[in-house]
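# Overview (structure and organization)
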Amino acid sequence: MRLLNLLKIAFKAIVLNKMRTLLTMLGIIIGVASVIAMLAIGEGSKESIRANISSMGSNMITIRPGADDRGPARGSGGNVQTLTLQDYEVIKAKSELISYITPVVNSGGQVINGSNNWPSTIYGVNPDFLNIKVVGLQSGSMFTDAEVSAASKVVIIGQTVVDNVFPDGQDPVGQMIRFNNIPFKVIGVLEEKGENTFGQDQDDVVIAPFTTVQKRILAIEYLNQIMASSISEDDASEVVTQVTEILRSQHKLLDSEDDDFTVRSMEELISTFSSTSEMLTILLVAVASISLLIGGIGIMNIMYVSVKERTKEIGLRLAVGGKGSDILMQFLIEAILISITGGVLGVILGLGSTVFIEKFLNWPTSVALYSIVISFAVCAITGIFFGWYPARKASALDPITALRYE
Amino acid sequence: MSKEIIKIENLKREFVMGTETVHALKGISFTINEGEFVTIMGSSGSGKSTLLNILGCLDQPTDGSYEIDGVKVKDLSRDELATIRNKKIGFIFQSYNLLPRTSALENVELPLLYTSHVSTAERRKRAIEALEKVGLADRMGHTPSQLSGGQQQRVAIARSLVNNPVMILADEATGNLDTRTAYEIMSLFQELNKQGITITFVTHEPDIAAFSNRTIVLRDGHIIKDYKNTDVQSAEEQLAKLPKEELVS
């Protein structure tokens, strides 16, 4: 029998039992929709984490004073004064895998320009900072090493600061601002970067030579942080080991002593975050797959009912010349049609809910084409798998028995 | 001499029920020629249904030979039997066996769905012709629940005709109908027979047998009588004799 006829018959059977078919499909619809939506959420968050972290500089390595504070009940590293300019110089001299390195000192404070003021953070760094952070300037220029040595009172400011202290749109470059009442000349504006993964506004910064911040604002000798970037992303973990060794010997730590500093690479951060979100995605998809499986069992159940109910019809079809294979195909196609229609509706619902999640919950989502293809394939396979046994049963019926069935 | 449609020789059918063997047909032989209207009669347990199943290629004999339209049925596969049923036999059942919630036209088209090389247009055309033949040209779009018992059986007859079979095989086709409708159906059968269609009609009602031109009587798996009916009644005339308004059952 031609496929078109089989499709017609199957379609008719489905239409004659609209409600029942719809309820049967519901399992598949929900299963497919949730697989697609869950994968979209998982992919979306993974992508946004990756993009965000890379925007912070994926080769970046940070060295903070104080032990690893990821464990429970440790003191904050912020007030520890164990990181010095000397550490910076030693690392710079000894580690050949590092391309850029800068000391970092930072301080919160008020940025003032006439009657406009804005609370921000000033970062004292050296000119390498821009390369480490992979950020350029939209106007002006970076301070020079000479200005660092001279502890010049020059700053580069981020867009958020510009928006708040230069609200009337004048060009900030060349203007004077005050930070904690100390006058600074604005010599450049950073490119806009937006928020990072942790919701921190990366444009709400003021950048000055670290010497200036150390001497004129904080009056300290130690560093809050050292930032560096490895030559390539692949070297990052090696750099971490190397820097750790250098600093341990520099700090004259005994083997029994823990590090009094923490070295972390972005790569490490990315993998931590990605593996968390990956785990979550797997979990969500597993739950969604279970509903797909239950949907499949629903199809099998309804197909068994359908075969039982239509035993007489099967008998008649056999009597008027239907072959076993015709009957098998008829029921198989019916099952596949149910599951594929469910699959299509599921894809639509899944895409719809993904848009909804993105729009109204503001979660980043990314619909992977493979998730649609896979769930669709799973649907078709579900139809064939769960439709096979009932269809087989129907095709094996004895026409005499089937005709007499009441 | 007219063509032999059915040729049965020493046909036997045994069923094994547990340890016992039931001999439903104990060796029967007969021939049905083209254009005959044969009734097969017998009480229940006579082997009538078993014979019908074998004639309809729904079942295979244990022994003996069965030829339909020159094709030896014995040892054919399930699929080959299906093809014979499709091409050579038109079935009519006691309980009509129409597909519910499906129009008369689509019901009639059903056998053609299983016939290769019949286009959709051709299928429709032949189904319409068959329905016209049974006088249901104005009921094509009706579903079985919108039709009376007699009309449903007419749809079933149209369905049996649609494939131009060599023989129509009716199983108690009037069993569910009142006398008047039964006579109407028999009159239709007689008319079809006059047009040259071979009909084999299984029944246990002697008055139905009176409308056929030959009767085979079975008892306990044997043919006890096989006679030509010299006094064929006209169902149309009998119908006219029935009291008009009253429904006789």
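Nothing here was measured: the structure is a model prediction, and the numbers come from that model.

Before going further, it helps to examine the overall build of chain A. When helices and strands are counted, chain A shows 13 helices and ten strands. In chain A, which comprises 406 residues, the share counted as buried stands at 44%.

Another point: the overall build of chain B. Along its length, chain B carries eight helices and ten strands. The C-alpha atoms of chain B give 18 Å as radius of gyration, which agrees with the globular expectation for 249 residues (18 Å, within 12%). When contacts within chain B are restricted to residue pairs at least 6 apart in sequence, long-range pairs at least 24 apart make up 70% of them.

Glancing now at the sheet that holds strand E1 (residues 4-17) of chain B. All names here are of chain B. Reading across from one edge, E2-E1-E4-E5 is the order of the four strands in this open sheet, with antiparallel pairing throughout. Strands with a single pairing partner mark the edges of an open sheet, and in this sheet they are strand E2 (20-33) and strand E5 (71-72). Here E1 pairs with E2 via eleven bridges, running antiparallel. Bridge assignment links Val 16 to a residue of E2, and that residue is Thr 21.

Attention now goes to unusual backbone geometry. A positive phi is found at A:Lys252, a non-glycine position, where the angle reads about 50°. Along the chain, the position of A:Lys252 falls in the loop between helix H8 (236-250) and strand E10 (261-265).

All names here are of chain A. At a minimum axis distance of 11 Å, the contact between helix H9 (residues 266-309) and helix H11 (residues 324-360) shows a crossing angle of 145°. When you trace H9 past H11, the crossing you get is right-handed. Residue-level inspection shows Gly 295, Ile 299, Met 303 and Val 307 of H9 in contact with H11, the latter providing Phe 331, Ala 335, Ile 338, Ser 339 and Gly 342. Of the residues contributing to the contact of H9 with H11, the split by class is six nonpolar, three polar and no charged.

With that settled, the discussion passes to the environment of B:Ile28. Residue and element names in this part refer to chain B. Here Ile 28 shows up in strand E2. Owing to 21 C-beta atoms within 10 Å, Ile 28 belongs among the buried residues under this scheme. Separated by 195 residues in the primary sequence, Ile 28 and Ile 223 place their C-alpha atoms 6.4 Å from one another. For Ile 28, the contacting residues outside a window of four places in its chain are Ile 8, Leu 11, His 222 and Ile 223.

Before going further, it helps to spend a moment on the pairing of strand E3 (residues 116-125) of chain A. Residue and element names in this part refer to chain A. Of the pairings in the sheet, the one linking strand E2 (residues 98-113) to E3 comprises nine bridges and is antiparallel in character. Residue pairing for E3: Gly 109 is matched across the bridge by Ser 120. Counting the residues that bridge the hairpin from E2 to E3 gives two residues, and of these Gly 114 lies at a positive phi of roughly 60°. Pairing analysis gives five bridges linking E3 to strand E8 (residues 205-209), with the strands arranged parallel. Residue Val 125 lies in a different strand from E8, and its bridge partner there is Pro 209.

At the junction of the two partners, chain A supplies 16 residues and chain B supplies 18 residues. Counting residues per element, the side of chain A that touches chain B draws most heavily on helix H10 (residues 311-319) of chain A, at five residues. Looking at the side of chain A that touches chain B residue by residue, the classes come out as eight nonpolar, four polar and four charged.

Here we come to the pairing of strand E3 (residues 37-41) of chain B. All names here are of chain B. For E3, the buried fraction is high: five of the five residues fall into the buried class. Going residue by residue along E3, you find Phe 37, Thr 39 and Met 41 tucked away on one face and Val 38 and Ile 40 tucked away on the opposite face as well. Relative to strand E8 (residues 198-203), E3 is paired through five bridges, and the arrangement is parallel. Bridging across to E8, Phe 37 finds its partner in Ile 199.

What follows concerns the sheet that holds E3(B). All names here are of chain B. The six strands are arranged E6-E7-E8-E3-E9-E10 in an open sheet whose pairing can be described as mixed. Here the strands that pair on one side only, and so sit at the sheet edges, are strand E6 (89-92) and strand E10 (222-228). Between one strand and the next, the sheet's axes are offset by a mean angle of 15°, whatever the strand orientation. With five bridges connecting them, strand E7 (residues 167-171) and E8 associate as parallel partners. Across the sheet, Ala 170 pairs through a bridge with Phe 201, a residue of E8.

Residues of chain B with pLDDT of at least 70 account for 97%, and the chain-wide mean is 90. Across the assembled chains, the prediction reports ipTM 0.92 with pTM 0.72.

Moving on, we come to the packing of H11(A) against helix H12 (residues 369-395) of chain A. Residues and elements named next belong to chain A. Between H11 and H12, whose axes approach to 7 Å, the crossing angle comes to 150°. Classified by the angle their axes make, H11 and H12 are roughly antiparallel. The hand of the H11/H12 crossing is right-handed. For the contact of H11 with H12, the residue count by class is 19 nonpolar, eleven polar and one charged.

Residues and elements named next belong to chain B. Tracing the backbone shows Glu 237 in helix H8 (residues 235-241). Among the residues examined, Glu 237 registers 10 C-beta atoms within 10 Å and is labelled exposed. The spacing of Glu 237 and Tyr 183 is 54 residues in sequence and 9.4 Å in space, taken between C-alpha atoms.

Now for the nonpolar core. One broad trend across soluble globular proteins is that nonpolar side chains are buried collectively. Within the largest apolar cluster, 121 residues are counted, with the highest numbers of intra-cluster contacts made by A:Val32, A:Ile36, A:Ala335, B:Val108, B:Leu131 and B:Ala158. Here the element with the most residues in this core is helix H2 (residues 18-55) of chain A; it accounts for 13 residues. When neighbours within four sequence positions are excluded, B:Val108 is seen to be in contact with B:Ala127, B:Ala130, B:Leu131, B:Val155, B:Ala158, B:Arg159 and B:Val162.

A few words now on H11(A). In this model, H11(A) (37 residues) spans 53 Å end to end at C-alpha, consistent with the 54 Å of a helix rising 1.5 Å per residue. Positioned one or two residues after H11(A), A:Asn362 has a phi angle of 60°, which is positive.

This part covers the confidence of the model for chain A. When pLDDT is averaged across chain A, the result is 85; 94% of the residues are at 70 or more. Within chain A, strand E5 (residues 154-157) of chain A carries the highest mean pLDDT (93), whereas H9(A) carries the lowest (82).

Definitions and limits used
- Residues numbered from 1 in each chain as written.
- Chains lettered and ligands numbered in written order.
- Predicted model: local features only at pLDDT ≥ 70, side-chain atom pairs only at ≥ 80, totals over all residues.
- Helix = DSSP H or I, 4+ residues; strand = E, 2+ residues; numbered from the N terminus.
- Buried ≥ 20, exposed ≤ 12 C-beta atoms within 10 Å, placed from the backbone.
- Rg over C-alpha atoms; globule rule 2.2 N^0.38 Å.
- Contact = placed C-beta atoms within 7 Å.
- Pairing = 2+ DSSP bridges.
- Axes fitted to C-alpha atoms, helices over the stretch in contact; angles between N-to-C directions.
- Left-handed = near helix turned anticlockwise from the far one by under 90°.
- Nonpolar A, V, L, I, M, F, W, Y, C, P; charged D, E, K, R; others polar.
- pLDDT = per-residue confidence, 0-100.
- Parallel < 35°, antiparallel > 145°, perpendicular 65-115°, else oblique.
- Core = buried A, V, L, I, M, F, W, Y, C linked by C-beta atoms within 7 Å.
- Expected span 1.5 Å × (residues − 1).

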